[in-house]
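Inside the fold
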Amino acid sequence: MSVRRKNLKIGVSGVRGIVGETLSPALAADFAASFGGYTGHGIVIVGRDTRPSGEMIENAVVSGLLASGSHVLLAGVVPTPTLQIAVEEYEAAGAIAITASHNPAEWNALKFIDSTAFFLTENGMNALLDIYNQPQDDFVTEQNFRGVSHLEHVFALHAGKILERVDTEAIRRARFKVAVDCCNGVGALYSKRFLLELGCAEVIPIFEEPDGIFRRKPEPVAANLTELCECVKRNGCHVGFAQDPDGDRISIVNEQGVPLGEQYSTLIPADRVLERTPGPVVANIQTTKALGDIASRCGSEIRYSKVGEVNVAREMLRCNAVFGAEGGSGGILWRDVHLCRDSFSAMALTLEAMALRKQTVSGIMNTLPRYWSATEKLETDAQSACNALRFFAQKYADRKPVLIDGVRLDFEHSWILARQSNTEPVIRIYAESARSQTDAKHLAGSVAGELRGFLVRDGK
């Protein structure tokens, strides 16, 4: 399920829009009131990232929740995974994260978390939309308002769960010098202190102003990490970490100042978890085959899900998986902490692996399977994207495409996935090859050309 109207996108990634165009205070208040009804008018925690529009949207969300009869716990500016952990710790009926994650600065969003501390599934979002689309005539009267309380130091719950599960003494002995790119998001408030608590000897933050004025593009892909790469090289750092504005995605830069890319940033944490606790692994269908190879050599099974954190998390719950990955977004889910995408867990596991193995990032990566990847992105509206992907699936029907989410084609030495984004009005194309970078780029470019040609013929 995905709905889009004039830059308003509604789906499993919540309600996203451009502030001042489609995401208005009235819309936020209405959806918050509907969510209050969906959760049974219980305790709802509200948190946000650092975007300048966040305070305005927060006030609207609080108003809607209060009007519905909910008791609001305000967490302030916190990482999204912290908010999910808080739902569990405070036994809340749900939470609303006000963040557009990796989207450009003009966007903001409401992401809905239910009492299980997971984001709403497609069925959950459909149920919320049913409430939203019905006349709202059950607002509480003045004497029934339940009020607003403030949560203090809620990130300490999150950090504590990680710190008690990693070998901080080994990290301290290694005396790591670490660079962290906070993207002017929540990491600017928490990442340096967290890394020091882990035992790092020195932490050099960049883009550390927590004002939501992004000094680099917010998606932590390799092309956006020039400053972090230079910082690592200039200061002789052992590793560099890049976060997105709400702190759930990670991207790693090695000691030579070379970015691993979002796909390969999941591998060291995965390998470390499986070394500690062998067990099933879940990855979305857009995740590198290298993760499956790592799982196989550890004697673990890998299962695939649709793209979207909630889809990975729900599948992890079903098969009791110890680790999950959203390769295309650089997201790792470590069950021992919480079934949520979490850059702080990823940083801790990476540093622990480096410390215990006494190896550099590039040294560890040389022991792991290697594929080459390439991506393309086509901007188009939702209906045209559906038409283009239907054309693509029909054209290659003889190759028996996997249609779990978009269209995936597997070849002898490579595979490719074309799918409609959950968060942006685009078709994303991801290709991977065991042969070479050139082969991966050729495959991605070829499919992008086919889809672009269809969109031109289709008038889009």
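Right, let's walk through the structure included here. (Residues numbered from 1 in each chain as written. Predicted model: local features only at pLDDT ≥ 70, side-chain atom pairs only at ≥ 80, totals over all residues. Heavy atoms only, no water.)

At Asn 184, a position not held by glycine, the phi torsion is positive, near 55°. Tracing the backbone shows Asn 184 in the loop between strand 9 (177-181) and helix 7 (187-198). Taking the relative accessible area as the measure of exposure, Asn 184 reaches 0% and is therefore buried. Phi at Asn 320 is positive, roughly 55°, even though this residue is not glycine. Position of Asn 320 relative to the elements: it lies in the loop between helix 11 (309-319) and strand 15 (323-326). Judged by its relative accessible area of 48%, Asn 320 is partly exposed. (Helix = DSSP H or I, 4+ residues; strand = E, 2+ residues; numbered from the N terminus. Buried < 20%, exposed > 50% of the residue type's maximum accessible area, 1.4 Å probe, protein only.)

Of the voids in this model, the largest pocket is the one considered here, and its volume is about 1000 Å³. If you go around the largest pocket, you meet 47 residues; those closest to its centre are Glu 219, Val 221, Glu 262, Gly 328 and Arg 428. At the level of secondary structure, the elements contributing two or more residues to the lining of the largest pocket comprise helix 11, strand 17 (372-379) and strand 20 (426-433). Class assignment for the residues of the lining of the largest pocket results in 15 nonpolar, 17 polar and 15 charged. (1 Å grid on protein atoms, 1.4 Å probe; cavity = no way out; pocket = protein on both sides within 12 Å on 5 of 7 lines; lining within 4 Å. Points joined across faces, edges and corners; volume = space filled by probe spheres on them. Nonpolar A, V, L, I, M, F, W, Y, C, P; charged D, E, K, R; others polar.)

Within the open sheet, the four strands sit side by side as 10-9-11-12. Their pairing is mixed. Two strands bound the open sheet, and with one partner strand each, they are strand 10 (202-206) and strand 12 (250-253). For this sheet, the mean inter-axis angle between neighbouring strands, taken without regard to orientation, is 20°. Of the pairings in the sheet, the one linking strand 9 to strand 10 comprises five bridges and is parallel in character. Within the sheet, the bridge partner assigned to Val 180 lies in strand 10 and is Pro 205. Seen against the sheet, helix 8 (residues 226-235) touches strand 9, strand 10, strand 11 (239-243) and strand 12 and runs at an angle of roughly 165° to strand 9. Contacts from helix 12 (residues 343-357) reach strand 9, strand 11 and strand 12, with the element oriented near 170° to strand 11. (Pairing = 2+ DSSP bridges. Axes fitted to C-alpha atoms, helices over the stretch in contact; angles between N-to-C directions. Contact = heavy atoms within 4.5 Å.)

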